[in-house]
Amino acid sequence: MLNIGDRMPDFEVVDQDGNKVSSKDLAGKRTIIYFYPKDNTSGCTAEACNLRDNHAALVAQGYNVIGVSKDSAASHRKFADKYDLPFTLLSDTSTQMLQAFGAWGEKKMYGKTVMGTIRRTFIFDENGVLERIIEKVDTKNHASQILQ
């Protein structure tokens, strides 16, 4: 898992349109990278819509918002279109990015221990240095957690 002060891990994945996106592309931008389990599930939809509804305020603070899950680029495109999401969604089907950030691991689901995406948000400065980690994400009020 990353710690405050760590540099953003190197990664290269595709976005909802199949375009390659790498950590190098984010240089010079304050960046919010939020990891979520699955497109079109209730908590993940609430989180994405809350970030959508507050996107202008996040951009006004200089943030670039990026969502990441292991869903396919095609799934992300449908999710973004359905909910009119104005930010980039990255597809990490291999879970390499999820693992590099510490957002993949054991979790409890319906009383069973499974491997999956751990909902976490990482906030980086324009130099790619980690400023904050939000581990207890309030999906319905996530933007206010970021903006506080």
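Higher on the page you've got the structure.
Okay, so let's go over this structure. (Residues numbered from 1 in each chain as written. Predicted model: local features only at pLDDT ≥ 70, side-chain atom pairs only at ≥ 80, totals over all residues. Heavy atoms only, no water.)

This brings us to the side chain of S91. Within the fold, S91 resides in strand β5 (residues 88-91). With a relative accessible area of 7%, S91 lands in the buried category. A distance of 2.6 Å separates a polar side-chain atom of S91 from the backbone oxygen of D71. Excluding residues that lie within four positions of it along the chain, S91 makes contacts with V13, V14, S69, D71, S72, A73 and H76. (Helix = DSSP H or I, 4+ residues; strand = E, 2+ residues; numbered from the N terminus. Buried < 20%, exposed > 50% of the residue type's maximum accessible area, 1.4 Å probe, protein only. Polar contact = N/O pair within 3.5 Å; in protein donor to acceptor, adjacent residues only side chain to side chain. Contact = heavy atoms within 4.5 Å.)

On to the environment of Q148. You can see Q148 is positioned in the segment after α5 (142-147). Polar contacts involving the side chain of Q148 include one to the main-chain carbonyl oxygen of Q145, which spans 3.4 Å.

With that settled, the discussion passes to the packing of aromatic side chains. Counted by the stated rule, this structure contains 9 aromatic pairs. Here the aromatic rings of F101 and F122 are separated by 5.6 Å at their centres, their planes lie at 70°, and the arrangement is edge-to-face. With F101 in helix α4 (residues 96-101) and F122 in strand β8 (residues 120-124), this residue pair connects regions lying 21 residues apart in the sequence. Judged by its relative accessible area of 0%, F101 is buried. (Phe/Tyr/Trp six-rings, centres within 6.5 Å; stacked < 30°, edge-to-face > 60°.)

If you look at the biggest cluster of nonpolar residues, it comprises 19 residues, and the most contacted ones within it are Y34, F87, L89 and I146. Of the residues forming this core, the biggest block, 3 residues, is contributed by helix α1 (residues 42-53). Those residues within four positions of L89 in sequence are excluded, and the remaining contacts are V14, D15, Q16, Y34, Y36, G67, H76, F79 and A80. Counting 18 residues, the second-largest nonpolar core is a separate cluster that includes F35, I66, L90 and L130. (Core = buried A, V, L, I, M, F, W, Y, C linked by side-chain atoms within 4.5 Å.)

What follows covers the environment of K70. With respect to the secondary-structure elements, K70 resides in the loop between β4 (63-69) and α3 (73-83). Look at K70 and you get partly exposed, because its relative accessible area is 36%. Once residues within four sequence positions are removed from consideration, K70 is found in contact with D92, T93, T95, L98 and W104.

In this section: α3. Along α3, the residues classified as buried are A73, H76, F79 and A80. All buried residues of α3 project into a common sector of 120° when viewed along the axis, lining one side. With respect to the buried face of α3, the exposed residues turned more than 90 degrees away are K78 and K82. Buried residues along α3 sit in contact with β1 (12-15), α1, β4 and β5. A positive phi of about 55° marks D84, the residue just after α3. (Arc of directions from axis to C-beta.)

Throughout the structure, instances matching the rule amount to 7 salt bridges. D81 is the salt-bridge partner of R77, the closest N and O atoms lying 2.5 Å from each other. One end of the pair is R77 and the other is D81, both in helix α3 and 4 residues apart, which spans about a single turn. Notably, a salt bridge pairs R120 with E135, separated by 3.4 Å at the nearest N-O pair. Taken together, the residues R120 in strand β8 and E135 in the loop between β9 (130-134) and α5 connect sequence positions 15 residues apart. Salt bridges linked by common partners bring D17, R77 and D81 together as one network. (Salt bridge = Lys/Arg side-chain N within 4 Å of Asp/Glu carboxyl O.)

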